[in-house]
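Fold and contact review
Chain residues, written in single-letter form:
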Amino acid sequence: RDLIMVQIEELGKMVAQVIFNRNNNAAGKNPELIQTVFENLKLDQDFLMTTAPDDILRFLDSEEKSGILRLEIAIKTLIESSYLQPKNQPEILLRAKELLEYLQAHDSTFSLERVNLLNEIEERLKE
């Protein structure tokens, strides 16, 4: 269980680096970082875009019952991936919003960070 938590923490650091890079006009390495996160989660953007939320959670939960944390990282990575695909960004953000709402409904812990992400997505979609 400790190994899984360390892996999740490292993936979270990668996502934080992607966000930092985007906010500081240094997004050159972001495609590689995003791909690394997806590979470590053993999924890709297409899987997140086309698979039912229950099935995604079930897939991510198969290792050590840490699906909720893995799904949260996958959603954040999906959001960051949307910045690399401006043409597809609205569709990707709508899906990320749907997955975040699913996560809020199925996690026993309330997350203000998720609420803020949902608000950011709403604002981005209005642009």
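Residues numbered from 1 in each chain as written. Predicted model: local features only at pLDDT ≥ 70, side-chain atom pairs only at ≥ 80, totals over all residues. Heavy atoms only, no water.

**Notes on the packing of aromatic side chains**
For the structure shown, the criterion picks out one aromatic pair. Centre to centre, the rings of Phe47 and Phe59 are 5.3 Å apart; their planes meet at 55°, and the pair counts as tilted. Remark: Phe59 occurs in helix 4 (residues 53-60) and Phe47 occurs in helix 3 (residues 45-50); sequence separation between them is twelve residues. Note on Phe47: relative accessible area 24%, which makes it partly exposed. Residue class for Phe59 comes out partly exposed when judged on its relative accessible area of 35%. The ring of Tyr83 has Arg22 sitting right over it, with the charged end atom 3.9 Å from the ring centre. (Phe/Tyr/Trp six-rings, centres within 6.5 Å; stacked < 30°, edge-to-face > 60°. Helix = DSSP H or I, 4+ residues; strand = E, 2+ residues; numbered from the N terminus. Buried < 20%, exposed > 50% of the residue type's maximum accessible area, 1.4 Å probe, protein only. Lys NZ or Arg CZ within 6 Å of the ring centre and 35° of its normal.)

**Notes on the packing of helix 5 (residues 67-82) against helix 7 (residues 112-126)**
Direction vectors running N to C along helix 5 and helix 7 enclose 25°, while the axes themselves pass 12 Å from each other. The orientation of helix 5 relative to helix 7 falls into the category roughly parallel. Along this stretch, helix 5 crosses helix 7, giving a crossing that reads as left-handed. Together, Ile68, Glu72, Lys76 and Ile79 of helix 5 and Glu113, Arg114, Leu117 and Ile121 of helix 7 make up the contact between the two elements. Across the contact of helix 5 with helix 7, the residue classes tally to four nonpolar, no polar and four charged. (Axes fitted to C-alpha atoms, helices over the stretch in contact; angles between N-to-C directions. Parallel < 35°, antiparallel > 145°, perpendicular 65-115°, else oblique. Left-handed = near helix turned anticlockwise from the far one by under 90°. Contact = heavy atoms within 4.5 Å. Nonpolar A, V, L, I, M, F, W, Y, C, P; charged D, E, K, R; others polar.)

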